[in-house]
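# Examination of the molecular architecture
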Amino acid sequence: GPEYFWTEKYISDDSGFGVFGEVGVGYLINQNLRVRLGLNAHGMDTEVTRKLAADDGESRWLWVLAPVAELEFSF
């Protein structure tokens, strides 16, 4: 789905829209308890966090991948 991002305290800050997705598997232990394992992916078209100063101001897609382990309780 869509997401909005912004940066603060960089030499040149950026903001804009990106994409988000999550994939994974879950197991229902009982009616009130679930376990989930997965991966979150965030994609942003941004100009910040460049390795080389010569590339400053050039847009590129930044992908952030984050593993997810969840234990969910329902009351």
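As a starting point, this report considers the structure included with it.

Parameters and conventions
- Residues numbered from 1 in each chain as written.
- Predicted model: local features only at pLDDT ≥ 70, side-chain atom pairs only at ≥ 80, totals over all residues.
- Heavy atoms only, no water.
- Helix = DSSP H or I, 4+ residues; strand = E, 2+ residues; numbered from the N terminus.
- Rg over C-alpha atoms; globule rule 2.2 N^0.38 Å.
- Buried < 20%, exposed > 50% of the residue type's maximum accessible area, 1.4 Å probe, protein only.
- Contact = heavy atoms within 4.5 Å.
- Areas by Shrake-Rupley, 256 points an atom, 1.4 Å probe, with all protein chains shown as cover.
- Lys, Arg positive; Asp, Glu negative; His and termini not counted.
- Charge placed at Lys NZ, Arg CZ, Asp CG, Glu CD.
- Salt bridge = Lys/Arg side-chain N within 4 Å of Asp/Glu carboxyl O.

Right, let's get into the overall build of the protein chain. The secondary structure content of the protein chain amounts to 0 helices and 4 strands. Along the protein chain, helices and strands appear, N-terminal first, in the series β-β-β-β. Relative to the globule expectation of 11 Å for 75 residues, the C-alpha radius of gyration of the protein chain, 17 Å, shows a markedly less compact shape. By principal-axis analysis of the C-alpha atoms, the protein chain measures approximately 55 × 20 × 20 Å. Here the protein chain, with 75 residues, has 17% of them falling under the buried criterion. Residue pairs at least 24 apart in sequence account for 40% of intrachain contacts in the protein chain once pairs closer than 6 positions are excluded. If you sum the accessible surface of the protein chain, you get close to 6,000 Å²; carbon and sulfur atoms cover 60% of it. In the protein chain, which carries 6 positive and 12 negative side-chain charges, the distance between the mean positions of the two groups comes to 7 Å.

With that settled, consider the pattern of salt bridges. Proximity of charged atoms lets side chains of opposite charge pair with each other. The final tally for this structure, using the stated rule, is 2 salt bridges. Between R34 and E72 there is a salt bridge whose closest N-O contact spans 3.3 Å. With R34 in strand β3 (residues 33-46) and E72 in strand β4 (residues 60-73), this residue pair connects regions lying 38 residues apart in the sequence. The class of R34 is partly exposed, set by a relative accessible area of 33%. On the basis of relative accessible area, E72 is assigned to the partly exposed category, the value being 26%. Sharing partners across several salt bridges, the network here consists of R34, R36 and E72.

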